Amino acid sequence: MTRVSTLYLLALSVLACAVCGCGGGGGGGGSTPQGATGSATFVVDWPAARVADIPAAAHSARIQVLSGTAVLATQDVARPAAGGRTTTHFGYLPSGQLSYAISAYAQPLCAGQPISTANNLLTVTGGQDTLVPIAVESASPINTVSVSVITSTVTVGSTITVNAVARDTNNQPVLATFTWLSSAPTVATVDGSGHVTGVSVGSALITARETGTGKTGGVTITVTAKPAGKVQVTVAPGTSGMQIGQHVQLMATARNDLGPVTTTFHWASAQPAIASVDASGYVTGVSVGSAVITATDNTSAQSATATINVSAPVPSTPWSGKIVFESDMSGSLELYLLRPDGSVQQLTSDGTNNADAVFSYDGTQIAYDSGAAGSRQIMGMNAGGGGRQVLVTNGLDNVDPAFSRDGSKLAYASGTATMHDIYVKDLASGTTTQLTHGEGDNLHPGFSLDGSQLVFSSSRGGNYDIYVMGADGGGITQLTTESYWDGHPMFSPDGAKIAFSSNRADDHTAYQTHQMNPDGNSQVRLLNVTHCSRTPCYSPDGAQLVFASNPDRNFDLYMASVDGSGFHLIFSGPGREMHPSWGPE
C-alpha cells in the first residue's frame, strides 16, 4: 500500500440518483412479483488532484445498501490515482424500496472516521439494474497544525527534533507534509525533517507550514550555551626513550568540551632518581630504568602521565669523512663543516639564509640554496668553503640541489614558494631539462646509483609521498601511499635502499627516519623514538645514517647504524642544526 504524503478530505455530493425501470406490463405499470431480485450499479466520478499529487488509494469510499436499518450489502471503493470513474455493482437485491449510504474517507481502505456521509432512497426493480451516479468533490481535511517538542531548550551545537501534526475538523490526525522555517537562523537552524540545531545563545520561533493549505503551527526554541564539561589533560609524548644525560621536553595541554583551556601545570617525577623533571616539563635521564612523569592542572587538579625509559649511554661509533650542515647558531642560517674529531668550521657567513647543503659524491664540491624565500638561487663551492659560484638563478624559488654520482649533473626543485618542479642541469654544457610539469609540489630530488632514475617527493596525490622517475622524467612511479607527509628521500650509496622522513608514526607530529627498497617494498621505521629524526643522509659506505633529531629541545646532529641501532649524539650546538650531508674525506 502506498503511503500518502498529503491527503485531501472528500466532501460528498449526490448529483443524481436515477432509478431506471423498463419492462413490466404496460399501462400504468404492474406490481413487482414478491421475491423477485434486481441490481444496482453505482457510478462514482472522482475528482482529479487539484492541489497536490495524490497516489492511488489515498481516498476511499464505502457504499452500503440498506433495507430499513439492516445492511444488505457493503463494498469499499478506492479512488483512482488520477481521478476518474469507478463502477461498483450490487446484485441480488430484493425488489422494492431500499436506501443506500455512501461515506467518504480521507484514509486508504476506508480507515479511520468518515469525512462525510450521504444517504438516499434506492428503488430496485426485479430483473432490472438501477444506475446510481455519484459525484465526489475534493476539499482539504486540514483544519489545524500543531507543533510539539519533548524539550524546548537546546545547547549550542546540539540538535533536537520538532514534530508537526495536521488535524481535521474532527481533531483527528491526517497525513501531511510540511516546510520548516526558523525566525532566527543565526540562533537556531531547522532542516526539512524538523531537526533543530542550536547555533548561538538566544531564542527562535520554529514554524511548520503545511504545503497544501499553508496552515502553520510553531514552537519557540531556546538555545543555551554549551557547558564546559570536565577538563581533560594530555601529555605528549606519552612515552619516550632516552639515554642517561639526555633530555626530552614534555608538553601538557588541558581541554574541556569548549576547547583548549589556558592553565598552568605542576610537574613531578615518581622516580626522580631515574628521570627528573623541572617546572616546565623538561625531563633529564639520570639512571637506567623507567620513570612516570605527572602533569597536574593547577586549576582543575586533573592530571596525565608520561613514561620515560632511560637506558645507558651508547658508546660513540667511530666515523670518517666530513658532514656539512645548516645552523642558526650565529644568528642567521649558515653552513658549517663537522669533522670526526668534533671540530666545526663555518663555511658561510653572508646572512643570506644558506641551507639544504649537499656534498658531491667525491666530497670535493658542495651545492646549496641561498636567498630570500620565494627567490632562492642554487650556489656551489668547494668543500673548504672557497670557489663560490652561482649554479642556478632565474628569479624563482630554487631549492634542494643534488649531484649525480659522477658529479656531471645537478638536480634541483624550481618554482614558486609553494609549487615546484624538478629540473636537471648539465654542469658542463649548462643545458637544463624540466622533468616534472605542474603536477603538485615536487621537491627533494636525488639520483640513483647509475643515474638512470631520480627519487623525489611530491604532493601530486594530495599529500606528500615518495616517487621515482626516469632520468628523462618518464615512468613516474609512486612508492609511498600513507596519508601523511613523506619527504627527503635519498638512495643509499649501493642503490639498494631509500631513506626518507615521515610523520606517519605515533601521533603524526614527529618526522622520523624510515627506509624502504627502491620499489617501495619493506618500508620500516629505523628508530624507535618519539621525537623527530629527520633529513637522513647515508654515510659514504652506506653503513650509517646521520640526521637531525630533537630529544634535547633543539635539533642537533645524531648518528645511527642503518639498522636503527647505536643512536647517539655527534654534535650539539647553541642553535638549531639541520639537514646534514655526509661526504668522504
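What counts, and where the lines are drawn
- Residues numbered from 1 in each chain as written.
- Predicted model: local features only at pLDDT ≥ 70, side-chain atom pairs only at ≥ 80, totals over all residues.
- Heavy atoms only, no water.
- Helix = DSSP H or I, 4+ residues; strand = E, 2+ residues; numbered from the N terminus.
- Buried < 20%, exposed > 50% of the residue type's maximum accessible area, 1.4 Å probe, protein only.
- Areas by Shrake-Rupley, 256 points an atom, 1.4 Å probe, with all protein chains shown as cover.
- Core = buried A, V, L, I, M, F, W, Y, C linked by side-chain atoms within 4.5 Å.
- Contact = heavy atoms within 4.5 Å.
- Pairing = 2+ DSSP bridges.
- Lys, Arg positive; Asp, Glu negative; His and termini not counted.
- Salt bridge = Lys/Arg side-chain N within 4 Å of Asp/Glu carboxyl O.
- Polar contact = N/O pair within 3.5 Å; in protein donor to acceptor, adjacent residues only side chain to side chain.
- Phe/Tyr/Trp six-rings, centres within 6.5 Å; stacked < 30°, edge-to-face > 60°.
- Axes fitted to C-alpha atoms, helices over the stretch in contact; angles between N-to-C directions.
- pLDDT = per-residue confidence, 0-100.

*Asks:* Help me out: how do you make sense of the overall build of the protein in this one?
*Replies:* Helix and strand counts for the protein stand at 0 helices and 52 strands. Burial statistics for the protein: of 585 residues in total, 46% are counted as buried. Approximately 25,600 Å² of the protein is accessible, and the part contributed by carbon and sulfur atoms is 52%.

*Asks:* I'm lost on the nonpolar core in this one. Help?
*Replies:* Among soluble globular proteins, nonpolar side chains are generally buried collectively. W319, I323, L338, F547, L557, I570 and W582 are the most contacted members of the largest nonpolar core, which has 22 residues in total. The greatest single-element share of this core, amounting to 4 residues, is contributed by strand β50 (residues 554–561). Contact partners of L557, with chain neighbours within four places excluded, come to I323, F325, L338, F547, L569, I570, F571, E577 and P580.

*Asks:* Sorry, what's going on with the sheet that holds strand β46 (residues 512–516) here?
*Replies:* On the basis of which strands lie adjacent, the open sheet formed by 4 strands has the order β44-β45-β46-β47 and antiparallel pairing. This sheet does not close on itself; its edge strands, each paired only once, are β44 (486–491) and β47 (524–525). As defined by bridge partners, β46 adjoins β47 across 2 bridges and the pair is classed as antiparallel. Looking across to β47, one finds that H514 is bridged to R525.

*Asks:* Quick question: what am I supposed to make of the side chain of D297 here?
*Replies:* Structurally, D297 is set in strand β27 (residues 289–297). Buried charged residue D297 carries no salt bridge. Nearest counter-charge: K230, at 11 Å. Of the polar contacts made by the side chain of D297, one reaches the side chain of S300; its length is 2.5 Å.

*Asks:* I'm lost on unusual backbone geometry in this one. Help?
*Replies:* Apart from glycine, the bulk of residues carry a negative phi angle, and the bulk of peptide bonds sit in the trans form. With an omega dihedral of -5°, the bond running from A236 to P237 counts as a cis peptide bond. With respect to the element layout, P237 can be found in the loop between β19 (232–236) and β20 (239–243). Backbone geometry at S522 places phi at a positive 55°, although glycine is not the residue there. For S522, the location among the structural elements is in the loop between β46 and β47. Of note, the phi angle at H579 is positive, near 50°, even though the residue is not glycine. Summarising the element assignment, H579 is placed in strand β52 (residues 577–583).

*Asks:* Is there a simple way to explain the environment of T418 in this structure?
*Replies:* Note on placement: T418 falls in the loop between β37 (409–415) and β38 (420–426). Put simply, T418 and N442 are 24 residues apart on the chain and 9.5 Å apart in space, counted from C-alpha to C-alpha.

*Asks:* I would appreciate a short explanation of the packing of aromatic side chains in the present structure.
*Replies:* Ring pairs (aromatic) are described by centroid distance and by the angle formed between their planes. Going through the model one piece at a time under the given rule, you end up with 11 aromatic pairs. Considering the side-chain rings of F325 and Y336, the 5.8 Å spacing of their centres and the 20° angle between planes classify their relative orientation as stacked. Highlighted residues: F325 in strand β29 (residues 322–327) and Y336 in strand β30 (residues 334–338), separated in sequence by 11 residues. A single burial state applies to F325 and to Y336, both of which are buried. Measuring from centroid to centroid gives 5.1 Å for W485 and Y511, while their planes differ by 90°, and the two rings are edge-to-face.

*Asks:* I tried to follow the pattern of salt bridges on my own but got confused; where do I start?
*Replies:* If charged atoms from side chains of opposite charge come close, those side chains can pair. The tally for this structure, following the rule as stated, stands at 8 salt bridges. With its nearest N and O atoms 2.7 Å apart, the salt bridge here joins R85 to D45. With R85 in strand β5 (residues 84–94) and D45 in strand β2 (residues 37–46), this residue pair connects regions lying 40 residues apart in the sequence. Residue classification places R85 among the exposed positions, given a relative accessible area of 58%. Among the residues examined, D45 registers a relative accessible area of 28% and is labelled partly exposed. Here R388 ties to D350 by a salt bridge, and the two come within 3.8 Å at their closest N and O atoms. Placement of R388 in the loop between β34 (377–382) and β35 (389–392) and of D350 in the loop between β31 (344–346) and β32 (355–359) is noted, with a sequence separation of 38 residues between them. The class for R388 is partly exposed, based on a relative accessible area of 37%. Classification of D350 by relative accessible area gives partly exposed; the value is 39%. One connected set of salt bridges, linked through shared partners, spans E482, D486 and R504.

*Asks:* I'm lost on the sheet that holds β35 in this one. Help?
*Replies:* Across a sheet, paired strands are connected by hydrogen bonds in the backbone, their directions being either parallel or antiparallel. A sheet is described by the order of its strands in space; here 4 strands give the open sequence β32-β33-β34-β35, paired in antiparallel fashion. The open sheet has two edge strands, β32 and β35, and neither has a second partner. Taking each pair of neighbouring strands and ignoring which way they run, the sheet shows an average axis angle of 30°. With 6 bridges joining them, strand β33 (residues 365–370) and β34 adopt antiparallel strand pairing. Among the inter-strand pairings, Y368 is bridged to a residue of β34, identified as M379.

*Asks:* For this particular structure, what's the right way to read the pairing of β46?
*Replies:* It is a general feature of regular strands that their side chains alternate between the two faces of the sheet. Across the 5 residues that make up β46, a large majority, 5, are buried. Of the two faces of β46, the one holding Q512, H514 and M516 and the one holding T513 and Q515 are both buried throughout. Looking at chain direction, strand β45 (residues 498–502) and β46 are connected through 5 bridges and run antiparallel. Bridge pairing links F500 to H514 in β46.

*Asks:* I keep staring at the side chain of R376 and nothing clicks. Help me out?
*Replies:* Mapping R376 onto the fold places it in the loop between β33 and β34. Exposure remark for R376: the relative accessible area of 10% places this residue in the buried category. Within the structure, the side chain of R376 is placed 2.4 Å from the backbone oxygen of G371, a separation counted as a polar contact. The contacts of R376, once residues within four sequence positions are left out, are T352, N353, N354, A355, D369, S370, G371, L396, D397, N398 and V399.

*Asks:* Is there a simple way to think about the pairing of β35 in this case?
*Replies:* As paired elements, β34 and β35 share 3 bridges and run antiparallel to each other. Residue pairing for β35: I378 is matched across the bridge by V392. What sits between the antiparallel neighbours β34 and β35 is a turn of 6 residues, in which G385 has the positive phi angle 100°.

*Asks:* What is the right way to look at the confidence of the model for the protein in this model?
*Replies:* In low-pLDDT segments, the atomic positions of the prediction should not be examined closely. Residues at a pLDDT of 70 or more form 89% of the protein, whose mean pLDDT is 86. Across residues 1–34, where pLDDT falls below 50, the model places 89 contacts with residues more than four positions away in sequence or in other chains. Overall, residues 50–58 carries pLDDT values under 50, and its contacts beyond four positions in sequence, including any with other chains, amount to 25 contacts.

*Asks:* Where do I start with the environment of F447 in this structure?
*Replies:* Along the polypeptide, F447 turns up in strand β40 (residues 442–447). In this structure F447 comes out as buried when scored by relative accessible area, which is 3%. Considering only alpha carbons, one finds F447 and A471, 24 residues apart in sequence, at a separation of 8.4 Å. Setting aside residues no more than four positions away along its own chain, F447 makes contact with Y361, A402, F403, S404, R405, K409, L410, A411, V424, Q453, L454 and F491.

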